[in-house]
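Each chain, letter by letter, is given below.
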Amino acid sequence: MCGGLLACGLILSGCSGDGGGGKQPEGKGSSSTSPGASAPASTPAPTPTSTRLAFVADPKRAPKNEADAKRLALAVVAGPDSWGSDYTKRTPHLSGDTYWPVLDARCTWEAGTRPQTVLYSVTAYSEVPATAERGLLQVSATVTVHRSESDADWEMAQTLEEALRCPSQQLRDGERITGLMSLGSPFGVGGNYTSVDSLREAGTYLNDAVKGEQTYSWYQSRVGQLTVAAVVKGAPGHIAKELDRAQIQALVTMVGRAEDALEVQS
């Protein structure tokens, strides 16, 4: 399991801006059918102490049905404590058992049907309440348990393709993302030294109820047959450095939990 942000080496490319955003209504689904990507600006990553992925999944520990997948997903998903001391649960805190959003042909996120390749998926919603100095900050974490590693790989490819197909996306009424770009980082590339595959999406988050533009950020990694994602919607008064650290901390926490649950035991 990872011992910390720098110990894990998870310094992903493209961290910039003074806020973040949330993808769709904040769970992760996809209706895309072909992979592709465009790249946000990147920053150099530090040299890792190890360039070998230590995690090896144990087939005997892999969830085989929805009940097993649900237990695993709920154990892995990041709640407010994984983001930081200022974060609390939103209401509702967890998505429903059948929740699965899809990006339609109009680049609008809508409720869809969970595909047969997914055993279970859950999104946990957290927030930092608004104060006189800062706006309401909303974040979310998603864990999706696929039937196989290849199914999880395909979700990663679909996620990259979404930004290419729809650089502007409608999340819900009054909320949208523009200028969306994506960058994939397989292990050993782009500062990814913690998981088989990682990606980042970045863009501008617009909320009709909030004056001005904020940045949107989505990090996602694959661990065996699981994908884990951490999403931030920007808000006034919240600076990029703090949000980047909280987002990476939440992602690394989920990667570590997933590895602990699925790796071969020595």
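Heads up: the structure comes first, above all this text.
Every residue gets a number counted from 1 within its own chain, in the order that chain's sequence is written. Only residues with pLDDT of at least 70 are given local features in this predicted model, and only at 80 or more are side-chain atom pairs given and counted; all residues enter the totals for whole chains, interfaces and linings. Remark: hydrogens and water are excluded; side-chain values derive from all non-hydrogen atoms of the structure.

**Some remarks on the side chain of Glu127**
As a reminder of what qualifies: In this description a helix means any DSSP run of H or I spanning at least four residues, a strand means any run of E spanning at least two, and both kinds are numbered starting from the N terminus. For every residue, the accessible area (1.4 Å probe, protein chains only) is compared with the maximum for its type, and the residue is labelled buried under 20%, exposed over 50%, or partly exposed between those bounds. Under this rule, positive means Lys or Arg and negative means Asp or Glu; His and the chain ends count for nothing. Salt bridges, as used here, are contacts in which a Lys or Arg side-chain nitrogen is within 4 Å of a carboxyl oxygen on Asp or Glu. Contact definition: two residues touch when any of their heavy atoms are within 4.5 Å.
Along the chain, Glu127 falls in strand S4 (residues 118-128). For the buried Glu127, no salt bridge exists, and the shortest N-O distance to an oppositely charged side chain is 4.2 Å, to Arg90. Setting aside residues no more than four positions away along its own chain, Glu127 makes contact with Asp86, Tyr87, Thr88, Lys89, Arg90, Leu136, Leu137, Gln138 and Val139.

**Overview of the state of the cysteines**
The line we're drawing: Disulfides are defined as pairs of cysteine sulfur atoms found within 2.5 Å of each other.
Applying the stated criterion across every chain, the model contains one disulfide. The disulfide partner of Cys107 is Cys166, and the gap between their sulfur atoms is 2.0 Å. As the torsion about the S-S bond is roughly -75°, the Cys107-Cys166 disulfide counts as left-handed. Of this pair, Cys107 sits in the loop between strand S2 (101-103) and strand S3 (109-111) while Cys166 sits in the loop between helix H4 (149-165) and strand S6 (169-172), and the two are 59 residues apart along the sequence. Exposure class is identical for Cys107 and Cys166. Each is buried.

**Looking at the pattern of salt bridges**
Counting across every chain of the model gives twelve salt bridges. Arg114 is the partner of Glu66 in a salt bridge, and the nearest nitrogen-oxygen pair spans 3.4 Å. Within this pair, whereas Glu66 is found in helix H2 (residues 66-76), its partner Arg114 is found in the loop between S3 and S4, the two being separated by 48 residues in sequence. In this structure Glu66 comes out as partly exposed when scored by relative accessible area, which is 40%. Under the relative-accessibility criterion, Arg114 is labelled buried at 19%. Asp104 serves as the salt-bridge partner of Arg106, at 2.9 Å between the closest nitrogen and oxygen. For Arg106, a relative accessible area of 58% translates into the label exposed. A single network of salt bridges, built from pairs that share partners, joins Asp104, Arg106 and Glu110.

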